[in-house]
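A structural walkthrough
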Amino acid sequence: MQTAPLHAKTVPAASPLLAGSNPAQALLLTENAALTNGPPLLFQRLTAKEREEVLREGQKRVVYRGKMLFSQGTPHDGIFLIESGRIRVFYIAPSGREITLAYWNAGNFVGGPELFGQGQHVWSGVAATNSVVVHLTGKTLRRLIAQVPAFAIGLIEGLTFKGKCYSALAQMLGTRSVTERLAHLLIHLADTYGVKEEGAIAIGSAFTHADLAHMVGATRQWVTISLKRLQEQGVLKAEKAKIVVYDLEALHVMRGDR
């Protein structure tokens, strides 16, 4: 899989990351409620001067929806700070089957677990929406970590959080049935993106059936059939990329909570 060319330019001083106040929410499959709000903000420990110093060393890149940011198996060279948009990180098995590890939003970084530009990427990252990132090479990271200890702490906290996330995902895949995982994901989406309307909950962020399948470890066809069955039962309504939940309690039963 080839990585699409990106547009690059020096990071301007007006970067939204300078404020250090972007929501760092992430979307991932986990039963650990402490993980659902995302990791600590990468820049939260840094002074305004330190934030400027870090961003000055990076290169801003614009990556459009559906374009690859980095690809599994390609040489690694640093990480990407997400300034805006959403990046989906996923793994492709030798069979071609795909599993989504997480969606990372503004305030997070992607491109790990390696930091310093050694080896190859062990998974891929693609823009789920039009996104702006700041690329820091491995060589630059080594220098910044030595110069800005608070930045080093932020990176360690981020890597620790990601390790917990991927461990939680492995536990879900190994201990929950695919039906339970789908119910769990729908509940999580309703809690995170849900908008109440006339006694129902409309999931306000568009995810396709393929997106849902990649998150729960199923095929798109299975997800489509399952959503159709739930629609026939009056639990929800699924139209294209929009899902409206009418019976949240039924999803809790489906997940095994009741």
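I will try to describe carefully the structure that is included in this document. Quantities reported herein were computed from a predicted structural model and do not represent experimental measurements.

Comments concerning the overall build of the chain
Helix and strand counts for the chain stand at seven helices and 14 strands. A buried classification covers 49% of the 258 residues belonging to the chain. Looking at the chain alone, contacts between residues at least 24 apart form 73% of all its contacts between residues at least 6 apart. Accessible surface computed for the chain: about 12200 Å², of which carbon and sulfur atoms make up 53%.

Some thoughts on the sheet that holds strand 13 (residues 236–239)
Taken in spatial order, the four strands line up as 11-12-14-13 in an open sheet, and their pairing is antiparallel. Looking along the sheet, the strands with just one partner apiece sit at the ends: strand 11 (194–197) and strand 13. Going from strand to strand, the sheet's axes swing by 20° on average, the running direction of each strand aside. Two strands pair when backbone bridges link them, and strand 12 (residues 200–203) and strand 14 (residues 242–245) are joined in this way by two bridges, in the antiparallel orientation. Its bridge partner lying in strand 14, Ile 201 is registered against Val 245.

Some words on the environment of Pro 39
Structurally, the position occupied by Pro 39 is in the loop between strand 2 (26–27) and helix 1 (48–56). Sequence separation between Pro 39 and Cys 165 is 126 residues, and the spatial gap between their C-alpha atoms is 9.7 Å.

With respect to unusual backbone geometry
Here the residue pair Gly 112 and Pro 113 is connected by a cis peptide bond, since its omega of 5° sits within 30 degrees of zero. Tracing the chain through its elements places Pro 113 in the loop between strand 8 (109–110) and strand 9 (124–127). A positive phi is found at Glu 198, a non-glycine position, where the angle reads about 50°. For Glu 198, the location among the structural elements is in the loop between strand 11 and strand 12.

Some remarks on the pattern of salt bridges
Counted under the stated rule, the structure contains seven salt bridges. Arg 45 is the partner of Glu 157 in a salt bridge, and the nearest nitrogen-oxygen pair spans 2.5 Å. A residue pair is termed long-range when its members are at least 10 positions apart, and Glu 157 in helix 3 (residues 149–175) and Arg 45 in the loop between strand 2 and helix 1 qualify at 112 residues. Given the relative accessible area of 45%, Arg 45 is considered partly exposed. A salt bridge links Lys 60 to Glu 83; the shortest N-O distance between them is 3.2 Å. With a gap of 23 residues between them, Lys 60 in strand 3 (residues 59–63) and Glu 83 in strand 5 (residues 79–84) connect regions that are remote in the sequence. The pair Lys 60 / Glu 83 is uniform in exposure class, with both members buried.

Topic: the pairing of strand 14
The two faces of a sheet get side chains in turn, since along a regular strand they alternate between them. Examined bridge by bridge, strand 13 and strand 14 share four bridges and lie antiparallel to one another. Of the residues in strand 14, the one forming a bridge with Leu 236 is Val 245. Once strand 13 ends, the chain turns through two residues before running back antiparallel as strand 14, passing Lys 240 with a positive phi of about 55°.

What about the nonpolar core?
Grouped together as the largest cluster of nonpolar side chains are 48 residues, with contacts concentrated most on Ile 87, Trp 104, Val 110 and Ile 243. The leading source of residues in this core is helix 4 (residues 178–193), at seven residues. Counting residues in hydrophobic clusters, the runner-up holds 17 residues, among them Leu 42, Phe 43, Leu 81 and Phe 151.

Considering the sheet that holds strand 4 (residues 68–70)
Taken together, the five strands give an open sheet; going across it, the order is 2-7-6-9-4, and neighbouring strands pair in antiparallel fashion. Only two strands of the sheet have a single partner each, and these edge strands are strand 2 and strand 4. With two bridges joining them, strand 2 and strand 7 (residues 98–105) adopt antiparallel strand pairing. Bridge pairing in strand 7 links Leu 27 to Tyr 103. Taken strand by strand, helix 5 (residues 209–216) contacts strand 2, strand 6 (86–92) and strand 7, and its axis lies near 105° from that of strand 7.

A look at the packing of aromatic side chains
Enumeration according to the criterion identifies six aromatic pairs in this entry. Measuring from ring centre to ring centre gives 6.0 Å for Phe 70 and Phe 80, while their planes differ by 5°; the resulting arrangement is stacked. One end of the pair, Phe 70, is in strand 4; the other, Phe 80, is in strand 5, and ten residues separate them in sequence. Residue classification places Phe 70 among the buried residues on the basis of a relative accessible area of 2%. A cation sits over an aromatic face here: Arg 88 above Phe 90, 4.3 Å from the ring centre. Positioned above the aromatic ring of Phe 116, the side-chain terminus of Arg 142 is 4.3 Å from the ring centre.

Rules and cut-offs
- Residues numbered from 1 in each chain as written.
- Predicted model: local features only at pLDDT ≥ 70, side-chain atom pairs only at ≥ 80, totals over all residues.
- Heavy atoms only, no water.
- Helix = DSSP H or I, 4+ residues; strand = E, 2+ residues; numbered from the N terminus.
- Buried < 20%, exposed > 50% of the residue type's maximum accessible area, 1.4 Å probe, protein only.
- Contact = heavy atoms within 4.5 Å.
- Areas by Shrake-Rupley, 256 points an atom, 1.4 Å probe, with all protein chains shown as cover.
- Pairing = 2+ DSSP bridges.
- Axes fitted to C-alpha atoms, helices over the stretch in contact; angles between N-to-C directions.
- Salt bridge = Lys/Arg side-chain N within 4 Å of Asp/Glu carboxyl O.
- Core = buried A, V, L, I, M, F, W, Y, C linked by side-chain atoms within 4.5 Å.
- Phe/Tyr/Trp six-rings, centres within 6.5 Å; stacked < 30°, edge-to-face > 60°.
- Lys NZ or Arg CZ within 6 Å of the ring centre and 35° of its normal.

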